[in-house]
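# Summary of the model geometry
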Amino acid sequence: MAESPFASRGASRIWAHFWMVLGVILVVFPVYYVFIASTHSTQTILRPPLPLLPGPEGLANYGDALSGGIGQIGGVSLWRLLGNTTLIAVGIAVGKIVISMASAYAIVFFRFPLRMVCFWLIFITLMLPVEVRIQPTYKVMVDLGLIDTYPGLILPLIASATATLLFRQFFMTIPDELLEAARVDGAGPWRFFRDILWPLSLTNVAAIFVIQFIYGWTQYLWPLLVTNSNEMNTIVIALKKMISFADAETPWNLVMVTSVLAILPPILVVVLMQRWFVKGLVETEK
Amino acid sequence: MRRTVFPHKFLPWLLLAPQLLVTLIFFYWPAGQAFRQSMLKEDPFGLSSTFVGLANFRRVLSDPGYLNALQVTVVFSLLVAFIPMAIALFLAVQAEKITRGKGLYRTLMIWPYAVATAIAGMLWLFMFNPSFGTLAWPLKQLGINWNPLLNPNHAMILVVAAATWKQISYNFLFFVAGLQAIPHSLLEAAAIDGASRRHAFWTIVFPLLAPTTFFLLVVNTVYALFDTFGIIHAVTGGGPGKATETLVYKVYNDGFVNLNMGDSAAQSVILMLIVIALTAVQFRYIERRVHYG
């Protein structure tokens, strides 16, 4: 690979490292801070400043939090919260991929009346985020009996203009010859999809999955609206409830453990699937 | 244009059905209801409603509380649109100067993207909590009476800091991509002409980054307007007083906590118009990029 034209030597490069280290500290410190806090006792946490290194209570805190300690604060076990959030994040990501791929497939590989109308109907939803239609959407959820249900948490979020656009763009790059050859061989829509299109789409699917998993995991306003029961909370909402009822008795060490476990899964997904993450980010935002 | 297609007439509708159903039920119908309600006035028991035209809009737009939220939103959005961009551009330029270890820096820089906005707010609240925040402690030692829970300016600084922190990684990734797309020959030519690096940056690199900068400006504005709801809700609840009550927070509060349907719907419609305007701006820009790029 050619060297970047910006590459520097000597003092300039040392300064560049200096600024990058400072930037990384700024970016990583809040996450590091909460991790450190999660390994100390509540007494240590409440007596600032916090030590900069992990404390001796780590195992005890995590053990306590995972074996029922959180249940005593919020009424729901940490496992349940993590399970809910995982189910919602995976449900949203898979749901978006399935329905967007199906719609893009219909729009690109078939000709039917109102085809472009359908495309625009999907496209315009970009301009209608939940935030601008909070109240009436809530009413629809009540009328359909979807409050405090998993479908209620997942279904309204799986419509995806961006994923549909991305798959449409990708499908349009598939050469006509490939489809012709498949049809000569007698392949119908399903076989063409399964044997040719799906294998070619895998990197796009992975990229969209990473982005949408994070989108699902970090949802806030929607779960806040459609859940009343603590049983249905996501970990983010549960955490907010823990700190808003904070008093002298709040076991801050367990709150910190919960924070770490709320942050860790999506960070792992981003770091381990970095290549797809960057691709997904750059391409879904076009 | 694709020449070969499948001849089926019914199948494509079946494939489109799930997406269309979800958008009609959860997007178009509620959005339509918001428009309808914005022109109705409900009696206090919600039993009947009368058509009042634009009266709700007139009342909302002359309500000092709404104008305050508008002002808070403008200040908050300007800060959250520009500060992460400035920090990210500076860091992206530094990262490009480095040949070894670039990948490691990038991996560490993208963490906050994966953190929920509400949790980003909570992390900053933990650090700057007036009673036990480790970073609030030195402020107190310096004699600053730091208290984001009581002081409106401190509250604003805290939510802007949290919102900025979360958005740096996104801006950083796009600026790195933008910098890598700048042709080597241009910079070499500038170097041969004896231009200093600083001069070359402001006269060549920065103008060439304009599309990225503009794109990020729109994305950051949308982020500041809508996605930061979690930070406000989790950290300040719009307070102290109404110092951090943004437009989206107010829609939520009026519709859910105060149960004022007509006003909340009128506010929703105003927000919808803002999103439509921003999206239009974004697409004009994309068209331009297609033409010249």
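Every chain is numbered independently, its residues counted from 1 as its sequence is written. For naming, the first written chain is A and the first written ligand is 1, with later ones following in the order written. Given that this is a predicted model, residues contribute local features only at a pLDDT of at least 70 and side-chain atom pairs are listed and counted only at 80 or more, while totals for whole chains, interfaces and linings are drawn from all residues. Heavy atoms from the whole structure form the basis of all side-chain values; hydrogens and water molecules are not counted.

For chain B, the name recorded in an unreviewed UniProt entry is sn-glycerol-3-phosphate transport system permease protein UgpA, with Paracoccus chinensis as its organism. UniProt positions are given in the numbering used here, feature names are shortened, and annotations may be inferred rather than shown by experiment. Recorded in UniProt for chain B, the comment headed Sequence similarities (unreviewed entry) runs: "Belongs to the binding-protein-dependent transport system permease family."

An unreviewed UniProt entry lists chain A under the name sn-glycerol-3-phosphate transport system permease protein UgpE, with Paracoccus chinensis given as the organism. For chain A, the Sequence similarities (unreviewed entry) comment in UniProt is given as "Belongs to the binding-protein-dependent transport system permease family." In its Subunit (unreviewed entry) section, the UniProt record describing chain A reads: "The complex is composed of two ATP-binding proteins (UgpC), two transmembrane proteins (UgpA and UgpE) and a solute-binding protein (UgpB)."

As a further point, take a nonpolar patch on the surface. Side chains of Trp15, Phe18, Trp19, Val21, Leu22 and Ile25 of chain A together with Phe90 of chain B sit close together on the surface and give an oily, nonpolar patch of about 660 Å² of accessible area. Only runs of H or I of at least four residues qualify as helices and only runs of E of at least two qualify as strands under DSSP, and these elements are numbered from the N terminus. With six residues, helix α1 (residues 10–37) of chain A is the single largest residue contributor to the nonpolar patch. Patches here: salt-bridge-free residues with over 30% relative accessible area, like charges joined within 9 Å, nonpolar side chains (Val, Leu, Ile, Met, Phe, Trp, Tyr) joined within 5 Å. Each accessible area is a Shrake-Rupley estimate made with a 1.4 Å probe; only the visible protein chains count as cover when residues are assessed. Basic side-chain nitrogens of Lys or Arg form a salt bridge, by our definition, when they fall within 4 Å of a carboxyl oxygen of Asp or Glu.

Moving on to the UniProt feature "transmembrane region" (unreviewed entry) in chain A. All names here are of chain A. As recorded in UniProt, the sites labelled "transmembrane region" (unreviewed entry) are residues 14–36, 117–134, 154–175, 196–215 and 252–273. End C-alpha atoms of residues 14–36 are separated by 29 Å, and the span's content is 100% helix alongside 0% strand. This span, residues 252–273, is 95% helix and 0% strand, and a straight line between its end C-alpha atoms measures 32 Å.

In this structure's numbering, the residues bearing the UniProt feature "domain: ABC transmembrane type-1" (unreviewed entry) are residues 70–282 of chain B. Annotation note: span residues 70–282 of chain B, helix share 77%, strand share 0%, distance between end C-alpha atoms 22 Å.

With that settled, consider the packing of helix α12 (residues 235–244) of chain A against helix α5 (residues 117–128) of chain B. Packed helices, taken two at a time, are described by the angle their axes make and the gap between the axes. In the contact formed by α12 of chain A and α5 of chain B, the axes pass within 10 Å of each other and the chain directions differ by 35 degrees. α12 of chain A and α5 of chain B meet at a crossing whose hand is left-handed. On the side of α12 of chain A, the interface is formed by Val236, Leu239, Lys240 and Ile243 of chain A, while α5 of chain B contributes Ala118, Ile119, Met122, Leu125 and Phe126 of chain B. Whenever a helix is involved, its axis is fitted only over the stretch in contact; in every case the axis is a line through C-alpha atoms, and angles between N-to-C directions fall within 0 to 180 degrees. Note on convention: near helix rotated counterclockwise from far helix by under a right angle means a left-handed crossing. Clockwise means right-handed. The contact criterion used throughout is that any non-hydrogen atoms of two residues lie within 4.5 Å.

A word on the interface of chain B and chain A. Every contact between the two is made by 100 residues of chain B and, on the other side, 114 residues of chain A. Defined here as a combined quantity, buried area equals the accessible surface (1.4 Å probe) lost by two parts on assembly, summed across both. Contact between chain B and chain A buries roughly 10000 Å² in total, counting both sides, with carbon and sulfur atoms accounting for 76%. Seen at the junction of chain B and chain A, the total is zero salt bridges. Throughout this description, a polar contact denotes any pair of N or O atoms lying within 3.5 Å of each other; where both atoms belong to protein, one of them has to be capable of donating a hydrogen while the other can accept it, and for residues adjacent in sequence the pair is counted only when both atoms sit in side chains. Across the chain B-chain A interface, the total number found is 14 residue pairs in polar contact (both at pLDDT 80 or more). Take the side of chain B that touches chain A: its biggest share by element is 20 residues, from helix α1 (residues 11–37) of chain B. Any residue that is not Ala, Val, Leu, Ile, Met, Phe, Trp, Tyr, Cys, Pro, Asp, Glu, Lys or Arg is counted as polar, Gly included; the first ten are nonpolar and the last four charged. In terms of residue class, the side of chain B that touches chain A is made up of 70 nonpolar, 19 polar and 11 charged.

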